[in-house]
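Architecture at a glance
Take a look at the letters that make up each chain.
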Amino acid sequence: MLVVTRFRVPDPTPASEATLREGLERARDILGASAGNLSAEVGRNVDDPTLWVLSTRWTNVGSYRRGIGSYDAKMHVQPLMVHALDEPSAYEVVEEGTEMNEAGARSLG
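Please read all numbers here as calculations on a predicted model, not as lab measurements.

1. What to know about the packing of aromatic side chains
Evaluated as defined, the whole model comprises one aromatic pair. Arranged with centres 5.8 Å apart and planes meeting at 65°, the rings of Trp58 and Tyr64 form a pair that is edge-to-face. Looking at Trp58, the relative accessible area reads 1%, which means it is buried. On the basis of relative accessibility, which here comes to 16%, the residue Tyr64 falls in the buried class.

2. Remarks on the environment of Ile68
One can find Ile68 in helix α2 (residues 61-68). Relative accessible area serves as the criterion here: at 23%, Ile68 is assigned to the partly exposed category. Along the sequence, Ile68 and Thr13 sit 55 residues apart, while their C-alpha atoms lie 29 Å from each other. For Ile68, the contacting residues outside a window of four places in its chain are Leu31, Ala73, Lys74 and Gln78.

3. What about the sheet that holds strand β1 (residues 2-8)?
Taken in spatial order, the four strands line up as β2-β3-β1-β4 in an open sheet, and their pairing is antiparallel. Two strands in the sheet have a free side with no partner beyond their single neighbour: β2 (37-44) and β4 (90-91). As paired elements, β1 and β4 share two bridges and run antiparallel to each other. The partner of Leu2 across the bridge, within β4, is Tyr91.

4. Some thoughts on the environment of Leu51
In this fold, Leu51 is placed in strand β3 (residues 51-58). By relative accessible area, Leu51 is classed as buried at 9%. Separated by 26 residues in sequence, Leu51 and Glu25 place their C-alpha atoms 15 Å apart. Residue contacts for Leu51: discarding those within four places in its chain leaves Arg6, Phe7, Arg8, Arg44, Asn45 and Leu85.

About the cut-offs
- Residues numbered from 1 in each chain as written.
- Predicted model: local features only at pLDDT ≥ 70, side-chain atom pairs only at ≥ 80, totals over all residues.
- Heavy atoms only, no water.
- Phe/Tyr/Trp six-rings, centres within 6.5 Å; stacked < 30°, edge-to-face > 60°.
- Buried < 20%, exposed > 50% of the residue type's maximum accessible area, 1.4 Å probe, protein only.
- Helix = DSSP H or I, 4+ residues; strand = E, 2+ residues; numbered from the N terminus.
- Contact = heavy atoms within 4.5 Å.
- Pairing = 2+ DSSP bridges.

This is the structure in structure tokens:
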């Protein structure tokens, strides 16, 4: 599972950018240390320096949900989400022979 969350610096000042960067680096470290995390990276857009990304890879959706549901993530990652762009962020990794998820209602039983 691949999670790509983009963030916008709330106020394009050096102090605001530094605060967001520190928060994203801390989020990367917290999520990167979670069980089932395969990688975690922070990046900044080369054309628009107010646009940042936190990209993580997980062994499965359960690992991701446990990672973002941990105490440290709730305290330090969730508050950053006010700066996240409102767009889908979770993707399945496409590899040769991968059976793709299908859109539709999930069964309860």
